[in-house]
Amino acid sequence: DAKTTQPTSMDCAEGRAANLPCNHSTISGNEYVYWYRQIHSQGPQYIIHGLKNNETNEMASLIITEDRKSSTLILPHATLRDTAVYYCIVSYTGGGNKLTFGTGTQLKVEL
Amino acid sequence: DAGVIQSPRHEVTEMGQEVTLRCKPISGHNSLFWYRQTMMRGLELLIYFNNNVPIDDSGMPEDRFSAKMPNASFSTLKIQPSEPRDSAVYFCASRIAEGRQPQHFGDGTRLSIL
C-alpha cells in the first residue's frame, strides 16, 4: 500500500471549515483513499473514501487532485466534537482492504 | 443498528494469565479484523478473516497470540501466556468483503497486564 504524509496537528475555529491535507504521491491506480478519525478512547470511525472523483457525504467532502497524488478532507462546519486524530489511508480493496494507519493529524477545534 | 461489539471493555490481569478478547461483527459482514494500538507503535493490524477463514496473520506478534472465528457472528483473540508488553487497546473491525466497503470498528478492549 502507498504511504501517506499528513501534518502532525492542525487547529480550527468552531463553525469554520477544516481542511485536512494528505499526500500520497506513490498511490497506484487501483488504490482508494480512505479517511478515518479517532476520538479519544474510541475506535476509529469511517468518514469517507474515494478513487479519483470528489466525494461528499453527510460528514465530509473529499477532494482528490487530478493526478491523485494528494487529497483534502473537508469538514464544512467544524464543531468541538470534531476534535480527533484524522487518518488518511491508501488501500487496495482487492487485497482485503487492509488498512495501514500512520500517525494521522490531530485536529483541535476551538471556540 | 448495532455496531461491532467487543467485550470486555477493560481487562486487568497478571502476567502469565490467559486473556480472551471477544468480538461480534456487524450482522451481514463477512470480513473481520483484529488491531492493536499502543503509544509506541500506533494502530497495527494483527489478523483478518474472510468468511471465517484466516487470510493474513502476518501481524500476529508471536505464538502466544491466537485468533479464531468459529462462526460468522463471533471471533476471539487469545493471549497465552500474557506479558506486560501486551498491554494495549485491542480493536475489532468488520466489513462486507466486496468492493470498496469500509471497515467499521468497535470501541476496543483496554488490556492491562501487570
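The sections below set out a description of the structure shown in this document. If you're wondering where the values come from, they're calculated on a predicted model, not measured in any experiment.

Listed per partner, the contact involves 19 residues of chain A and 19 residues of chain B. Contact between chain A and chain B buries roughly 1500 Å² in total, counting both sides, with carbon and sulfur atoms accounting for 52%. Inspection of the region where chain A meets chain B yields one salt bridge. The salt bridge partner of Lys 98 of chain A is Asp 56 of chain B, with a shortest N-O separation of 2.6 Å. Taken together, the links from chain A to chain B amount to five residue pairs in polar contact (both at pLDDT 80 or more). Listed by contribution, the elements that provide at least two residues to the side of chain A that touches chain B are strand E3 (31-38) and strand E4 (45-50) of chain A.

Moving on, we come to the state of the cysteines. Residue and element names in this part refer to chain A. Enumeration according to the criterion identifies two disulfides over all chains in this entry. One disulfide in the model links Cys 22 with Cys 88; its S-S distance is 2.1 Å. Here the disulfide of Cys 22 and Cys 88 is left-handed, its torsion about the S-S bond being about -80 degrees. Here the residue Cys 22 occupies a position in strand E2 (residues 18-23), and Cys 88 occupies one in strand E8 (residues 84-92), the gap between them amounting to 66 residues. The class of Cys 22 is buried, set by a relative accessible area of 3%. Considering cysteine sulfurs only, Cys 22 is the nearest to Cys 12, which forms no disulfide, with 18 Å between them. Overall, Cys 12 belongs to the buried group, its relative accessible area being 8%.

Ser 7 of chain B connects to Pro 8 of chain B through a cis peptide bond whose omega is -10 degrees. Its place among the elements puts Pro 8 of chain B in the loop between strand E1 (5-7) and strand E2 (10-13). For the peptide bond that leads from Gln 80 of chain B to Pro 81 of chain B, omega is -10 degrees, which places it in the cis range. Topologically, Pro 81 of chain B is positioned in the loop between strand E8 (74-79) and strand E9 (88-95). One non-glycine residue with positive phi stands out, namely Ser 41 of chain A, at about 70 degrees. The residue Asn 52 of chain B is not glycine, and still its phi comes out positive at about 75 degrees. With respect to the secondary-structure elements, Asn 52 of chain B resides in the loop between strand E5 (42-50) and strand E6 (53-56).

What follows deals with the packing of aromatic side chains. A complete count under the given rule lists 10 aromatic pairs over all chains for this structure. Relative to Phe 105 of chain B, the ring of Tyr 36 of chain A has its centre 5.8 Å away and its plane inclined at 80 degrees; by these criteria the two rings are edge-to-face. Remark: Phe 105 of chain B occurs in strand E10 (residues 104-105) and Tyr 36 of chain A occurs in strand E3; the pair is interchain, linking two chains. We classify Phe 105 of chain B as buried; its relative accessible area is 11%. Summarising the aromatic geometry, the rings of Phe 101 of chain A and Tyr 35 of chain B are spaced 5.9 Å apart at their centres and angled 90 degrees between planes, so their arrangement reads as edge-to-face. Here the residue Phe 101 of chain A occupies a position in the loop between E8 and strand E9 (105-110), and Tyr 35 of chain B occupies one in strand E4 (residues 31-38), the pair thus bridging two chains. For the pair Phe 101 of chain A and Tyr 35 of chain B, a shared accessibility class is recorded, and that class is buried. Here a set of aromatic residues connected by ring pairs shows up, and it is made of Tyr 36, Tyr 46, Tyr 87 and Phe 101 of chain A together with Phe 33, Tyr 35, Tyr 48 and Phe 105 of chain B.

Definitions and limits used
- Residues numbered from 1 in each chain as written.
- Chains lettered and ligands numbered in written order.
- Predicted model: local features only at pLDDT ≥ 70, side-chain atom pairs only at ≥ 80, totals over all residues.
- Heavy atoms only, no water.
- Contact = heavy atoms within 4.5 Å.
- Buried area = accessible area lost by both parts, 1.4 Å probe.
- Salt bridge = Lys/Arg side-chain N within 4 Å of Asp/Glu carboxyl O.
- Polar contact = N/O pair within 3.5 Å; in protein donor to acceptor, adjacent residues only side chain to side chain.
- Helix = DSSP H or I, 4+ residues; strand = E, 2+ residues; numbered from the N terminus.
- Disulfide = S-S within 2.5 Å.
- Buried < 20%, exposed > 50% of the residue type's maximum accessible area, 1.4 Å probe, protein only.
- Phe/Tyr/Trp six-rings, centres within 6.5 Å; stacked < 30°, edge-to-face > 60°.

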